[in-house]
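# Fold and contact review
Below are the chains, spelled out letter by letter.
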Amino acid sequence: MSAFSQIAAVIFVSAFLLAGWTIGSMFAAYRHKIAAALLFEPMPRDQPVTRLVQRP
């Protein structure tokens, strides 16, 4: 294995580790907001009332 491929492999693996750490830390920091967004149920809206007005 050449030095170039070893350096490329180290950069590739470190990029994945950094991405995984970033995703994990974001989940840890915002877990309450994520849970609230997933469990949120919007209030039901009333059906719109339509009136038909007949003009002479």
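Residues numbered from 1 in each chain as written. Predicted model: local features only at pLDDT ≥ 70, side-chain atom pairs only at ≥ 80, totals over all residues. Heavy atoms only, no water.

## Comments concerning the overall build of the chain
Definition in use: Here a strand is any run of E in DSSP of at least two residues, a helix any run of H or I of at least four, and the numbering for each starts at the N terminus. Only C-alpha atoms enter the radius of gyration, while the globule expectation follows 2.2 Å times N to the 0.38, with N the number of residues. Areas reported as accessible are Shrake-Rupley estimates using a 1.4 Å probe. Residue values count occlusion only from the protein chains shown.
In terms of helices and strands, the chain carries two helices and zero strands. Its C-alpha atoms give the chain a radius of gyration of 27 Å, clearly above 10 Å, the size a compact globule of 56 residues would have. Seen along its three principal axes, the alpha-carbon backbone of the chain occupies a region of about 90 × 30 × 10 Å. Carbon together with sulfur atoms contributes 69% to the accessible area of the chain, which is approximately 6100 Å² in total.

## Considering the environment of leucine 39
Tracing the backbone through its elements, the reader meets leucine 39 in helix H2 (residues 31-39). For leucine 39 and alanine 9, which are 30 residues apart along the polypeptide, the C-alpha to C-alpha distance reads 41 Å.

## Some remarks on the packing of aromatic side chains
For any pair of aromatic rings, the description consists of the separation of the ring centres together with the inter-plane angle of the planes. Condition: Pairing of aromatic rings covers Phe, Tyr and Trp, the last through its six-membered ring, and needs centres within 6.5 Å; plane angles under 30 degrees mean stacked, over 60 mean edge-to-face, and all others mean tilted. Only protein chains enter the accessibility calculation, which uses a 1.4 Å probe; a residue is then buried when its area is under 20% of its type maximum, exposed when over 50%, and partly exposed in between.
Evaluated as defined, the whole model comprises one aromatic pair. Ring geometry for phenylalanine 12 against phenylalanine 16: centres 4.9 Å apart, planes inclined by 70°, an arrangement best described as edge-to-face. Of this pair, phenylalanine 12 and phenylalanine 16 both sit in helix H1 (residues 3-29), four residues apart, roughly one helical turn. Each member of the pair, phenylalanine 12 together with phenylalanine 16, is exposed.

## Some thoughts on a nonpolar patch on the surface
Put simply, the rule is: Here the term patch refers to residues with relative accessible area over 30% and no salt bridge, with like charges joined within 9 Å and nonpolar side chains (Val, Leu, Ile, Met, Phe, Trp, Tyr) within 5 Å. Here, a salt bridge means any side-chain nitrogen of Lys or Arg that lies within 4 Å of a carboxyl oxygen of Asp or Glu.
Judged by side-chain polarity, Phe12, Val13, Phe16 and Leu17 come together as a nonpolar surface patch covering roughly 460 Å² of accessible area. Checked against the element boundaries, valine 13 lands in helix H1. On the accessibility criterion, valine 13 (46% relative accessible area) is partly exposed.

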